[in-house]
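A structural walkthrough
Listed below, chain by chain, are the residues.
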Amino acid sequence: MLIACEAILRRSGATLGWRLHAISFLGIMLLLWYFFYVERNLLARVYTQNFGYGLVLLVTAIVMGRTRSRRTIDRVLVWSLLLFAVHFFPRTLFTIGFSAPQSSPEAFGASAFWKMLQLSLGVFGAGLALTVLAATLTDAMDGLRDERDKDGLTGVLNRRGFEERTSRLRGRRRTDDGVLILCDLDRFKQINDTYGHSAGDAVLKAFGFILQGAVREHDIVGRIGGEEFALLLSDTDIFGARELSSRLRQEIKKARFAFLPEGRHITASFGIAEWHRGSSYRDAFSVADRRLYAAKRSGRDSVVATDDGAGAEIDRADRVG
């Protein structure tokens, strides 16, 4: 029971911890040993096992519930664990009460407690097992989907994955505004031509790592072209997006990359577009793409957040300063 609960929790990134494992195992086993070898008491053993299992499952359901997973299968698994845990308490009290059949094993096997025990374990146990199986299959499908939607080099989403994830997020949160940022590594072809594709790959990989480290958990990062990346920031205005882009621009400029000589700096340009509710991804992408090209035309290594190019002027002043 402990191993099964630990496996379910580790799937969600949680754990019971070795102390709770040790306390649960030793506590239940010592009580069973005492009420069998020292003071033989069938009723005490029945309550020890049933309440012990119920408590272990209940703690597991509570710990898993605190992970706050948004997936439907995880919520179903929490409720299955909770129902399986809770049923141990009333079933035991109502079917065996405070006196156990002592006449013979046959009498115990014919008791209401034993019959309800087998029935409840069959129903709740099978339900939990099927839920775990469904969760396992869901994990496998999600793993295949992630493999399909991830860019193998940078670790961020590929174009298909970015657009699908963006569509799902915006579909769930129709009332929220957001910001779409397009960023492009400047003169990336020169890096490949001069230092080789290994150097170019190292730059792309490092840039993807920088982008992922700069955003929040619910933001989305994707590689939508050779050296072009996109970020979708939820609950963020144009000023916050410009501040983030400027910070990223400075970070990529200061970074050092494998396969590149000392003193060789990499720069990036950024185009930002607000994505208001009711507008489409294509509309926001078109605006961000137009501003990205404006950043390129303004001399690269800049951020453009408006069509008049004010953002690029700010960043050029920053470069000169």
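Here's what I pulled together on the structure shown here. As the structure is a computational prediction, the values presented were derived from the model and not from experiment.

For the rest of this paragraph, the subject is the overall build of the protein. Within the protein, the secondary structure is distributed over twelve helices and five strands. Taken against the 2.2 N^0.38 rule, which gives 20 Å for 321 residues, the C-alpha radius of gyration of the protein at 29 Å runs more than 25% over that of a compact globule. Principal-axis analysis of the C-alpha atoms gives the protein an extent of 95 × 45 × 30 Å. Taken over 321 residues, the protein has a buried fraction of 42%. Counted over contacts in the protein with a minimum sequence separation of 6, partners at least 24 positions apart contribute 67%. Total accessible area on the protein is roughly 17600 Å²; 60% of this is exposed by carbon and sulfur atoms. Of the side chains in the protein, 44 bear a positive and 36 a negative charge, and the two mean positions are spaced by 4 Å.

Once that is clear, we can look at a nonpolar patch on the surface. Together, Trp33, Tyr34, Phe36, Tyr37 and Val38 line one region of the surface with nonpolar side chains, adding up to about 540 Å² of accessible area. Tracing the backbone through its elements, the reader meets Val38 in helix H2 (residues 18-38).

Before going further, it helps to examine helix H10 (residues 238-254). Relative to the 24 Å expected for 17 residues at 1.5 Å per residue, H10 spans 24 Å between its end C-alpha atoms, a close match to the ideal helical length. When H10 is considered as a whole, its buried residues turn out to be Ile238, Ala241, Leu244, Ser245, Ser246, Leu248, Arg249 and Ile252. With a side-chain oxygen positioned 3.2 Å from the backbone nitrogen of Phe239, the residue opening H10 is Asp237.

Before going further, it helps to spend a moment on the sheet that holds strand E3 (residues 228-234). Strand order in the open sheet formed by five strands is E2-E3-E1-E4-E5, and the pairing between neighbours is mixed. Pairing within the sheet leaves two strands with one partner each, and these edge strands are strand E2 (220-223) and strand E5 (303-304). Inspection of the sheet shows strand E1 (residues 178-185) paired to strand E4 (residues 268-275) by eight bridges, in the antiparallel sense. Looking at E4, one finds that Val179 is bridged to Glu274. Most of the contacts of H10 go to E4, to which it runs at about 165°, and overall it touches E1, E3, E4 and E5.

Another point: the packing of helix H9 (residues 197-214) against H10. Running from amino to carboxyl end, H9 crosses H10 at an angle of 145°, the nearest separation of the two axes being 11 Å. Here the hand of the crossing between H9 and H10 comes out right-handed. Seen from H9, the contacting residues are Phe207, Ile210, Leu211 and Ala214; seen from H10, they are Leu244, Arg247, Leu248, Glu251 and Ile252. Residue classes in the contact of H9 with H10 are distributed as seven nonpolar, no polar and two charged.

Here Ala288 lies in helix H11 (residues 281-297). On the accessibility criterion, Ala288 (0% relative accessible area) is buried. Excluding residues within four positions of it along the chain, Ala288 makes contact with Leu180, Leu182, Gly271, Ile272 and Ala273.

A separate point is the layout of surface pockets. Approximately 260 Å³ is the volume attributed to the second largest pocket. Forming the walls of the second largest pocket are 15 residues, and the residues nearest its centre are Gln49, Asn50, Phe113, Trp114 and Leu117. Put simply, the parts of the chain that give the lining of the second largest pocket at least two residues each are helix H3 (42-65), helix H4 (72-96) and helix H6 (112-149). Ranked by the residues each element gives to the lining of the second largest pocket, the list is headed by H3, at six residues. Classifying every residue of the lining of the second largest pocket by side-chain character gives twelve nonpolar, two polar and one charged.

Another aspect to go through is the pairing of E4. For E4, a buried count of seven out of eight residues is recorded, marking the element as mostly surrounded by other parts of the structure. Crossover connection from E4 via H11 to parallel E5: handedness left-handed.

Attention now moves to the packing of aromatic side chains. Taken as a whole, this structure holds 13 aromatic pairs when the rule is applied. Pairwise contacts between aromatic rings join Phe162, Trp275, Tyr281 and Phe285 into one cluster. In this structure, Arg40 is placed above the aromatic ring of Phe36, and the distance from its NZ or CZ to the ring centre is 4.0 Å.

What follows concerns the pattern of salt bridges. As enumerated under the stated definition, the model contains 21 salt bridges in all. Put simply, Arg71 and Asp74 hold a salt bridge, and the shortest N to O gap is 3.2 Å. Given a relative accessible area of 28%, Arg71 falls into the partly exposed group. Salt-bridge contacts for Lys296 lead to Asp186; the nearest nitrogen and oxygen are separated by 2.7 Å. With Lys296 in helix H11 and Asp186 in the loop between E1 and helix H8 (188-195), this residue pair connects regions lying 110 residues apart in the sequence. Overall, the relative accessible area of 17% leaves Lys296 in the buried class.

Attention now goes to the environment of Phe259. Position of Phe259 relative to the elements: it lies in the loop between H10 and E4. Residue Phe259 is classed as exposed on the basis of its relative accessible area of 55%. Phe259 sits 42 residues away from Asp301 along the chain, and the two C-alpha atoms are 21 Å apart. Among residues more than four places away in sequence, those in contact with Phe259 are Tyr195, Ser198, Ala199 and Ala202.

What counts as what
- Residues numbered from 1 in each chain as written.
- Predicted model: local features only at pLDDT ≥ 70, side-chain atom pairs only at ≥ 80, totals over all residues.
- Heavy atoms only, no water.
- Helix = DSSP H or I, 4+ residues; strand = E, 2+ residues; numbered from the N terminus.
- Rg over C-alpha atoms; globule rule 2.2 N^0.38 Å.
- Buried < 20%, exposed > 50% of the residue type's maximum accessible area, 1.4 Å probe, protein only.
- Contact = heavy atoms within 4.5 Å.
- Areas by Shrake-Rupley, 256 points an atom, 1.4 Å probe, with all protein chains shown as cover.
- Lys, Arg positive; Asp, Glu negative; His and termini not counted.
- Charge placed at Lys NZ, Arg CZ, Asp CG, Glu CD.
- Patch = residues over 30% accessible without salt bridge, like charges linked within 9 Å, V, L, I, M, F, W, Y side chains within 5 Å.
- Salt bridge = Lys/Arg side-chain N within 4 Å of Asp/Glu carboxyl O.
- Expected span 1.5 Å × (residues − 1).
- Polar contact = N/O pair within 3.5 Å; in protein donor to acceptor, adjacent residues only side chain to side chain.
- Pairing = 2+ DSSP bridges.
- Axes fitted to C-alpha atoms, helices over the stretch in contact; angles between N-to-C directions.
- Left-handed = near helix turned anticlockwise from the far one by under 90°.
- Nonpolar A, V, L, I, M, F, W, Y, C, P; charged D, E, K, R; others polar.
- 1 Å grid on protein atoms, 1.4 Å probe; cavity = no way out; pocket = protein on both sides within 12 Å on 5 of 7 lines; lining within 4 Å.
- Points joined across faces, edges and corners; volume = space filled by probe spheres on them.
- Right-handed = clockwise from strand over helix to strand, strands pointing away.
- Phe/Tyr/Trp six-rings, centres within 6.5 Å; stacked < 30°, edge-to-face > 60°.
- Lys NZ or Arg CZ within 6 Å of the ring centre and 35° of its normal.

Structural measurements only, silent on function.
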